[in-house]
Amino acid sequence: MDIVLVTTVIASLFLVIGAAEPLAARLRLPYSVILAVLGVLIGAGAIFFLRTELTDALNPVAEAILGLPIRSNVFLYVFLPTLLFQATLGMNLRRMLDDWVPIVVLAVVAVVVATLSVGYALSWASALPLAACLLVGAIVSTTDPSAVVTIFRSISAPRRLARLIEGESLLNDAAAIALFGLFMGFVMLGMPDPDLGAALARFPILIAGGALTGWLAARVAVWVMALLSRHELAQISISVALPYLAYVGAEQSVGASGVIAVVAAGLTLNLTGPGRLPPQAWANLRDLWDVLAHWAGALIFILAALLIPRLLEEVRIEDFALVGVLILAAVAARAVILFGLLPLLTAMKLSPAMERPYRVAILWGGLRGAVTLALALAVTESFRVPDGIQRVVGILATGFTLFTLIVQGTTLRWVIGRLGLDRLSPIDEALSRQVVAVALQTVREDVARTTENYELSHDTVRSEAKLAGQRLDAAVKAAEESADILDRDRVTLGLIALAGHERERILARVRERTISARMAEQVLSNADRLIEGARSQGRSGYNRAARRSIAYGRSFRAAVLLNGRLGLSKPLARMTADRFELLLSQRLILRDLGAFIDGRIRRIHGKRVAELLHELLVRRVEIVETALKGLRLQYPGYAEKLERRFIRRTALRLEEREYTTMREDGLICAEVYTALMQDIDARRAAAEERPRLDIALQRVELVRQFPLFTNLDDARIKRLGRALKTRYVNAGDVIMRKDGEAKNVFFIASGAVELEAAGQTWRLGRGEMFGQMAILMKKARRAAVRAITPKTLLVLDEARFRRLLDRSAALQDAVRASAEKRGIEPEALFEDRGVERPTKDRASA
């Protein structure tokens, strides 16, 4: 085939891709529907001109179109890894991990239910063997959520809902393609009725092998990319190679799922890349993958659609009935997931509540597209699949895809309108009015400064300022006089605006590099949780998200367990350092929010709402300060090192800004500017190196700070440091329950607890202990202890505590003081032990 002609055809397809997007926007149809229609028209037109006797002038073009090397391997090995890899890079993975249970359950269960439903329905309605029917079920289980997600975003649907759909669809495709490979093997081996249990038993092996391969490939790639930190193009080139090597390695070498390997590689790079690569390199890498995925997705749609006329050439009347059975079975399977499994997960508090209209929209928006056609093409090309099965599989997959695109795709927006999802709720309308008021206020201030700088005519400026002021006053009045908005809703709107401004300040700090790339994604995820919490549950949701942002998570507690049981301190040291940096970043951002409340929210929502938001903000600052103070007390030297690092990064940012200003003003030439920036990059790379945290050494320093242990010598402090165990507790956690067996004594290293006994309540803070009374009185615990703030406790077992008490006058004094405070006779605690007050401290752990 003439290379010039092929190049011309491919270039023309890119023109079609460029025209499809504005056409879809104008017709208000999903982009994938327009691509599919254009592809079918091009393919049908090529067949027509090649076979017609009207003219032979277009035969070379038609032959070039029909002769394009469109094979299933091109889709599976070139386009598919690109689409999957970019989807994983574009995810907010930390937010996706919040919903990993419903995502995984929905994805895996949805694929299995759809495959079995379609397979057995076709087996009942046709003469196809069960293996072929299950193969069709796996092919049509892949979903394309782009249309419904795009519309959900345009109608301001809950972000968590859209995120759930995207995550479920990504894993859905991976699991469906893995099942496709499994049943394809049975069909090619001529096994009409495979052992379904054995087939599904191999399914986890395919997934686990692919996940491990992708994870290892990504870890190696990130390591190499980190070594090439000053060569951005080299880093991006390695990222391009990663998904293809992972796919081929899993498929050809390991015998696992290549799709799962690509997904695992992308998720691993998404999680580790921002902290290991320079911010600009990471941003450019994601931008490149966005472009590659856009081209790949469009080309796979058009090229697959070109084949539809040929796939339907042998269609028969009875095939329409089978397509109808396929449609009913697939829709019924999807309905079982959405209206059966999803409410069950919501009742178990594993999934967000999804209103019925949204579930109907997702059901109708379950379009199939290029991946389904690519898998069908793989069946029709295989010489090891019988001809009769090839024909039926190709027609069923193609017919079902056309139905979802042409019928469901073109009516999806109408269905959403009928469901009322395109109408704003009262609170969303009030939010839009608030946004207009805030925006106009900013515009008026900026325009006033601009006109002053340009020294425009005073009368002109005054006239325009008057018009702008009138519009602003009208917008503010509309925001203030929303009769259908309660004060509770005004607080919610204020919290949403406050959390949104917090996110903007975070992005500004990230661009200025005041917040490191390692922390950027985490603090942004926390801000997103604040926004979603305020939108869904108002003040309580906002406060819950704020507490969660500084809480000790499961991974942190697992790291504590590894350090305590196995002596592996590296994970705990890394997470503790991350926590330090996170708290420093949060404190930096929170101090910028008070001016926003006074300058914007007070004017729109009034003094009372502004004062309430100030109270919430002050409480957040106090919680962050308390957690930060606790870490400083626990790791005094390390906190100072981190603060010095922060100052150095800030100084570098200011220095860089000065050089940029000089370059723009023409004070320094490009060569000098480049040399200065290279020097700053080198010093910034050094400043990004986080100081090492020695957990064992810091615990000894923490013990030394306790007033109870001040008289111990270094050797005894070190022994006591080894004996004490560290326990991290979140606010609200119950540390001790009444009537429990007393085994340990707790020393408060940071934070505060609330102790309740005999109807009375006491608060204990840093340096105090609890749990000793029950041990000394040899009775079950009479007190319940609950954490007030996130805290660090040091735990000592009963035997070591008794030995320490026998020899430490300071500890005995503390026990006596605690007993007197609670109305217990102090000497009764020591009578049966024959303890005498030592003249000097001889403590030994």
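Predicted, not measured: the structure shown is a model, and the values here were computed from it.

1. Section: the overall build of the protein
Regarding its fold elements, the protein presents 33 helices and 8 strands. Looking at the 845 residues of the protein, the share that counts as buried comes to 50%. Across the protein, the fraction of contacts at a sequence separation of at least 24, relative to all contacts at a separation of at least 6, is 79%. When the accessible surface of the protein is totalled, it reaches about 40000 Å², and 58% of it is carbon and sulfur.

2. Let's talk about the packing of aromatic side chains
Under the definition given, this model contains 5 aromatic pairs. On the basis of an interplanar angle of 50 degrees and a centroid distance of 6.3 Å, the ring pair of Phe 183 and Phe 186 is categorised as tilted. With Phe 183 and Phe 186 both in helix H9 (residues 159-188) and 3 residues apart, this pair spans about one turn of that helix. Relative to Phe 770, the ring of Phe 746 has its centre 5.1 Å away and its plane inclined at 15 degrees; by these criteria the two rings are stacked. Here Phe 746 is found in strand S3 (residues 744-750), whereas its partner Phe 770 is found in strand S6 (residues 769-770), with 24 residues between them in sequence.

3. Details of the packing of helix H16 (residues 356-364) against helix H18 (residues 387-418)
Their axes nearest at 9 Å, the elements H16 and H18 cross at an angle of 165 degrees. If you check the angle between H16 and H18, you find them roughly antiparallel. The chirality of how H16 crosses H18 is left-handed. Judged by residue contacts, Ala 361, Leu 363 and Trp 364 of H16 engage Val 407, Gln 408, Thr 411, Leu 412, Val 415 and Ile 416 from H18. A per-class count over the contact of H16 with H18 returns 7 nonpolar, 2 polar and no charged.

4. Concerning the sheet that holds strand S7 (residues 783-787)
Reading across from one edge, S2-S7-S4-S5 is the order of the 4 strands in this open sheet, with antiparallel pairing throughout. The open sheet terminates on both sides in strands that have one partner only, identified here as strand S2 (734-736) and strand S5 (760-764). Neighbour-to-neighbour, the strand axes of this sheet turn through a mean angle of 25 degrees, independent of strand direction. Here 5 bridges tie strand S4 (residues 753-757) to S7, and the two strands are oriented antiparallel to one another. By the bridge assignment, Glu 754 is partnered in S7 with Arg 786.

5. Some words on the pattern of salt bridges
Opposite charge on two side chains lets them pair, provided their charged atoms get close. Throughout the structure, instances matching the rule amount to 9 salt bridges. Note that Glu 655 is salt-bridged to Arg 683, the shortest N-O span being 2.8 Å. With Glu 655 in helix H27 (residues 636-664) and Arg 683 in helix H28 (residues 670-688), this residue pair connects regions lying 28 residues apart in the sequence. Since its relative accessible area comes to 22%, Glu 655 is described here as partly exposed.

6. Overview of helix H30 (residues 714-723)
Every buried residue of H30 is listed here: Ile 717, Leu 720, Gly 721 and Ala 723. Viewed along the axis of H30, the buried residues span an arc of 160 degrees, placing them on a single side of the element.

7. Examining the side chain of Asn 270
Tracing the backbone through its elements, the reader meets Asn 270 in helix H12 (residues 258-276). The class for Asn 270 is buried, based on a relative accessible area of 1%. Among the polar contacts made by the side chain of Asn 270, one reaches the main-chain carbonyl oxygen of Thr 88 at a distance of 2.7 Å.

8. A few points about the environment of Leu 66
Structurally, the position occupied by Leu 66 is in helix H3 (residues 59-66). Take Leu 66: its relative accessible area is 19%, and that puts it in the buried class. Excluding anything up to four places from it in sequence, Leu 66 contacts Gly 43, Ala 46, Ile 47, Leu 50 and Arg 310.

9. Here's the deal with a nonpolar patch on the surface
Taken together, Ile 10, Phe 14, Val 291 and Trp 295 make up a surface patch of nonpolar side chains, about 310 Å² in accessible area. Broken down by secondary-structure element, the contributors of at least two residues to the nonpolar patch are helix H1 (3-27) and helix H13 (279-306).

10. Focus: H1
Think of an α-helix as turning once every 3.6 residues; residues three or four places apart then point the same way. Compared with an ideal rise of 1.5 Å per residue, which puts 25 residues at 36 Å, H1 spans 36 Å between its outermost C-alpha atoms and is within 8% of the ideal. Where H1 bends most, at Ala 20, the angle is about 25 degrees, and the proline Pro 22 comes one to four residues later. Among the residues making up H1, those that are buried are Val 6, Val 9, Leu 13, Val 16, Ile 17, Ala 20 and Ala 24. A positive backbone phi angle near 55 degrees is found at Arg 28, which sits one or two residues after H1.

11. A few points about the sheet that holds strand S1 (residues 725-729)
Strand order in the open sheet made by the 4 strands is S1-S8-S3-S6, with antiparallel pairing throughout. Lying at the two open borders of the sheet, with one neighbouring strand each, are S1 and S6. Here 5 bridges tie S1 to strand S8 (residues 791-797), and the two strands are oriented antiparallel to one another. Considered in S8, the bridge of Thr 726 is made with Leu 794. Its contacts with the sheet place helix H32 (residues 798-807) against S3, S6 and S8, and it is angled at close to 80 degrees to S8.

Cut-offs used in this document
- Residues numbered from 1 in each chain as written.
- Predicted model: local features only at pLDDT ≥ 70, side-chain atom pairs only at ≥ 80, totals over all residues.
- Heavy atoms only, no water.
- Helix = DSSP H or I, 4+ residues; strand = E, 2+ residues; numbered from the N terminus.
- Buried < 20%, exposed > 50% of the residue type's maximum accessible area, 1.4 Å probe, protein only.
- Contact = heavy atoms within 4.5 Å.
- Areas by Shrake-Rupley, 256 points an atom, 1.4 Å probe, with all protein chains shown as cover.
- Phe/Tyr/Trp six-rings, centres within 6.5 Å; stacked < 30°, edge-to-face > 60°.
- Axes fitted to C-alpha atoms, helices over the stretch in contact; angles between N-to-C directions.
- Parallel < 35°, antiparallel > 145°, perpendicular 65-115°, else oblique.
- Left-handed = near helix turned anticlockwise from the far one by under 90°.
- Nonpolar A, V, L, I, M, F, W, Y, C, P; charged D, E, K, R; others polar.
- Pairing = 2+ DSSP bridges.
- Salt bridge = Lys/Arg side-chain N within 4 Å of Asp/Glu carboxyl O.
- Arc of directions from axis to C-beta.
- Polar contact = N/O pair within 3.5 Å; in protein donor to acceptor, adjacent residues only side chain to side chain.
- Patch = residues over 30% accessible without salt bridge, like charges linked within 9 Å, V, L, I, M, F, W, Y side chains within 5 Å.
- Expected span 1.5 Å × (residues − 1).
- Bend = angle between axes of the 7 residues up to and from the residue.

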